[in-house]
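A look at the structure
The primary structure of each chain is shown beneath.
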Amino acid sequence: MSPSTKPSWTNWDAPTERWLLSGFRREGQARSVLLELVARIVFPTVLVLAIYLLFAGHDRAGGGFSGGLVAGQAFLLRHLAGGRMDDSAVVSMRPPVLIGLGLTIACAAAFLPLIFGGQLLETAIYKFTLPLLGEIKFVSSVVLDTGVFLLIVGVVLDLLRTLGSGIEADADAAARGRR
């Protein structure tokens, strides 16, 4: 809203700051500026929590599945706040690609130990020292968890895309029926 435009009952909730806008305007739909603001603030924080759960999964509660579900909840919040168009601005990969990539990584991590004479889903632990960080422990099950993480995020995004488009199509059909 420009300073020369007087607020009226139709545009009182229009965002005045550019960072609040998603890039797509939802014409004629009810929107909540507070929900959009909270989603923009909480979204990165929830994704950091999801990444933490992904990497903490081999020693503590968490892993690829729970991290993927938490990341999916972050995308669900963005979808609720901005609609289907807002998700397309945030996620550049299509959900089927995420699902396929996650499944490929998880299967490769599961079967790779068989090539080297190990057992299916066998885990190896590697420890090495970096100058500034000290001793780092890498557990090979993180690769499997990363595949599961991508798979779950892809499934959640696909569900949002599928269910959201059906709901919007029903709303459009209802709106055409009222005219």
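Reading the values: the criteria
- Residues numbered from 1 in each chain as written.
- Predicted model: local features only at pLDDT ≥ 70, side-chain atom pairs only at ≥ 80, totals over all residues.
- Heavy atoms only, no water.
- Phe/Tyr/Trp six-rings, centres within 6.5 Å; stacked < 30°, edge-to-face > 60°.
- Helix = DSSP H or I, 4+ residues; strand = E, 2+ residues; numbered from the N terminus.
- Buried < 20%, exposed > 50% of the residue type's maximum accessible area, 1.4 Å probe, protein only.
- pLDDT = per-residue confidence, 0-100.
- Contact = heavy atoms within 4.5 Å.
- Expected span 1.5 Å × (residues − 1).
- Bend = angle between axes of the 7 residues up to and from the residue.
- UniProt positions renumbered as here; feature names shortened; annotations may be inferred.

Let's talk about the packing of aromatic side chains
Scanning all chains against the criterion turns up two aromatic pairs. Here the aromatic rings of F43 and F75 are separated by 5.3 Å at their centres, their planes lie at 70 degrees, and the arrangement is edge-to-face. A residue pair is termed long-range when its members are at least 10 positions apart, and F43 in helix 1 (residues 33-56) and F75 in helix 2 (residues 64-90) qualify at 32 residues. Residue F75 is classed as buried on the basis of its relative accessible area of 11%.

Points about unusual backbone geometry
Although it is not a glycine, L121 sits at a positive phi angle of roughly 65 degrees. In this structure, L121 sits in the loop between helix 3 (95-115) and strand 1 (125-130). Its relative accessible area of 49% is what places L121 among the partly exposed residues.

Considering the confidence of the model for the chain
Of all residues in the chain, 70% attain a pLDDT of 70 or more, and the chain-wide mean is 80. Mean pLDDT across the elements of the chain ranges from a minimum in helix 2, with 79, to a maximum in helix 3, with 94. Overall, residues 19-23 carries pLDDT values under 50, and its contacts beyond four positions in sequence, including any with other chains, amount to 13 contacts.

Digging into helix 1
Its 24 residues give helix 1 an end-to-end C-alpha distance of 35 Å, which sits within 8% of 34 Å, the value for a rise of 1.5 Å per residue. If you look at helix 1, its biggest bend is around 35 degrees, right at V42, and the proline P44 turns up within four residues after that.

Comments concerning the UniProt feature "transmembrane region" (unreviewed entry) in the chain
On the UniProt side, "transmembrane region" (unreviewed entry) is annotated at positions that read residues 33-55, 61-77, 97-116 and 136-157 here. Across residues 61-77 one finds 82% helix and 0% strand; the C-alpha atoms that close the span lie 23 Å apart. Across residues 97-116 one finds 95% helix and 0% strand; the C-alpha atoms that close the span lie 29 Å apart.

Digging into helix 3
Between its first and last C-alpha atoms helix 3 spans 30 Å; for 21 residues at 1.5 Å apiece the expected length is 30 Å, and the two agree. Maximal helix bending in helix 3 amounts to about 30 degrees, located at A109; proline P113 follows within four positions. For helix 3, the complete set of buried residues consists of P95, L98, G102, A106, A109, A110 and P113. Among the residues trailing helix 3, G117 stands out with phi positive, at a value near 85 degrees.

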